[in-house]
Each structure stands twice: as structure tokens, then as C-alpha cells.
Amino acid sequence: HEDNLCEEHEEKLKLFCEDDQKPICVICRESREHKAHTVLPIREAAQEYKKKLQLHMEQLNKKLQELQEWTEAETRTDLELEEKFKSERERILTAFDNLKEFLEQEKQRLLSSLDKEQEENMKRIRGNVTALEKQQQNLKNLIREIEGKCQQQDVELLKDVHPILCRCDDVKVLKPKDESADMERSLLVFGLQHSYLQEKLKELKESFPAELEWRHLGGIRCVFPPKMTKINDT
């Protein structure tokens, strides 16, 4: 085969020069270029280098196996992390849903109490207005009766004048009870509840981490809110 022949001497390549790392023929072996080089029979050299290649192949296969095992481990870790983050996401959503539900219930409770308090106060005020309007109407009727009596002739005027005068003496104007203090106290209670909610909301905003802080703990990356510290943190 032409590939097994020396290009220079067209002799069969029977030797291998370790110094030049190439096959040579017997004529090349005697040349000045290869005279002082280490030369092996081509078959022996092939077997020796085949062993070296096989040894390297075994080492490479071990490394390949390690890489495959690492890849499988990382893949498992990826799946496990995905499940853990999914679970944590669900926990966060549930916590916020519970908080949202609690706040909605509290809002409805406070608004219901406020509406009830308003309705009771408005009912009292409307009752007072009705009572005052009735007193006004009674007074207007009495005034018209007196005006009519004053227009009468002397004799007619003096007839039945005494009952009218008695009714005038008996007139009492009833002023409604001042409810403003009670209403102010009710509003103060709701104001205090509002202030309490505002303060708690402020505390929640200040205590809740705006962003998560990564720290190293025993070679592991851990997540801590900015205001939290690790045990024995230095």
C-alpha cells in the first residue's frame, strides 16, 4: 500500500522514530537525521502506543462517567429545586391570600360597624328633627289661634280667652339632647382603629424586606432579609 511506503526512498515503513514521532524506513534509519534517535520496530511501537491510547481512553471514560453522573445529579437538583421553589411560591401565595382575606374581613367588619353607628346616629337626629318640627307646628297653630282671637270684638275676644292663656303658659320648648359628644366619641374610636391600622401597615412595610440579601453560611448561599442576622454572624 502506498501509505505504508517511505515518500523519500519508497521503502516499506518498518520502523518508528520516537524522537520525531513518525514511521521511517530502514534507509531513513541509517541517515544522519535519525542515526542518533531511538527507533522501535513498527509493530512494537504500535502495540506500545496502542496501550497508551487505551490507558488514556480508560481515564477519559472515567472522566466522562463523572461528567455524566454530575449532569444527572445537577438535573435531579434542578428538578428538586423547581419543586421546592414551586412549593415556596404556593406558600407565599397562600400567606398573601390569607392576609388579603383577613384584611377584607376586617375592612368589612369596620365598615359595617361604621355604617351601623352612622345609621343609629342619623336615626336619632331624624327623630329629633321630627320632634322639633312637631313642636314648631303646634306653636304655629297656637300663634294663628291667638292672632285670630286678637281680631275678634271685645266680647268675643274675652270669651274662652282663659284656656288659650293657660295653653300659652303651659307651652314648653323641648330641646333635643346634645348627641354631638357621643358621636365624637364614636368617631374617635374609629379614628383610633384607623390610626392603629396605619401604624401596623407602616411597621409591616418597614419590617418586610424590600429585597433578599444573599449571605454565605458554611459555604452555602443562604437568603436573609436585610434586618435579620445569622447566628454567630461576625
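Residues numbered from 1 in each chain as written. Predicted model: local features only at pLDDT ≥ 70, side-chain atom pairs only at ≥ 80, totals over all residues. Heavy atoms only, no water.

This part covers a negative patch on the surface. Together, Glu-74, Asp-78, Glu-82, Glu-83 and Glu-90 make up a region of like negative charge exposed at the surface. Secondary-structure assignment places Glu-82 in helix H2 (residues 42-150). (Patch = residues over 30% accessible without salt bridge, like charges linked within 9 Å, V, L, I, M, F, W, Y side chains within 5 Å. Areas by Shrake-Rupley, 256 points an atom, 1.4 Å probe, with all protein chains shown as cover. Salt bridge = Lys/Arg side-chain N within 4 Å of Asp/Glu carboxyl O. Lys, Arg positive; Asp, Glu negative; His and termini not counted. Charge placed at Lys NZ, Arg CZ, Asp CG, Glu CD. Helix = DSSP H or I, 4+ residues; strand = E, 2+ residues; numbered from the N terminus.)

Right, let's get into the packing of H2 against helix H5 (residues 180-207). What describes two packed helices is the angle between their axes and the distance between those same axes. Orientation of H2 relative to H5, taken along the N-to-C sense of each, is 165°, at an axis distance of 11 Å. It follows that H2 is roughly antiparallel to H5 by the angle criterion. Here H2 runs over H5; the crossing is left-handed. Taken together, the residues of H5 that come into contact with H2 (itself represented by Leu-110, Ser-113, Leu-114, Glu-117, Asn-121 and Ile-125) are Met-183, Ser-186, Phe-190, Gln-193 and Leu-197. Counted by class, the contact of H2 with H5 contains 6 nonpolar, 4 polar and 1 charged residues. (Axes fitted to C-alpha atoms, helices over the stretch in contact; angles between N-to-C directions. Parallel < 35°, antiparallel > 145°, perpendicular 65-115°, else oblique. Left-handed = near helix turned anticlockwise from the far one by under 90°. Contact = heavy atoms within 4.5 Å. Nonpolar A, V, L, I, M, F, W, Y, C, P; charged D, E, K, R; others polar.)

All right, on to the confidence of the model for the protein then. Scored by pLDDT, the protein comes out at a mean of 84, with 88% of its residues at no less than 70. Taken as a whole, residues 214-234 scores under 50 in pLDDT and shows 29 contacts with residues more than four places along the chain or in a different chain. (pLDDT = per-residue confidence, 0-100.)

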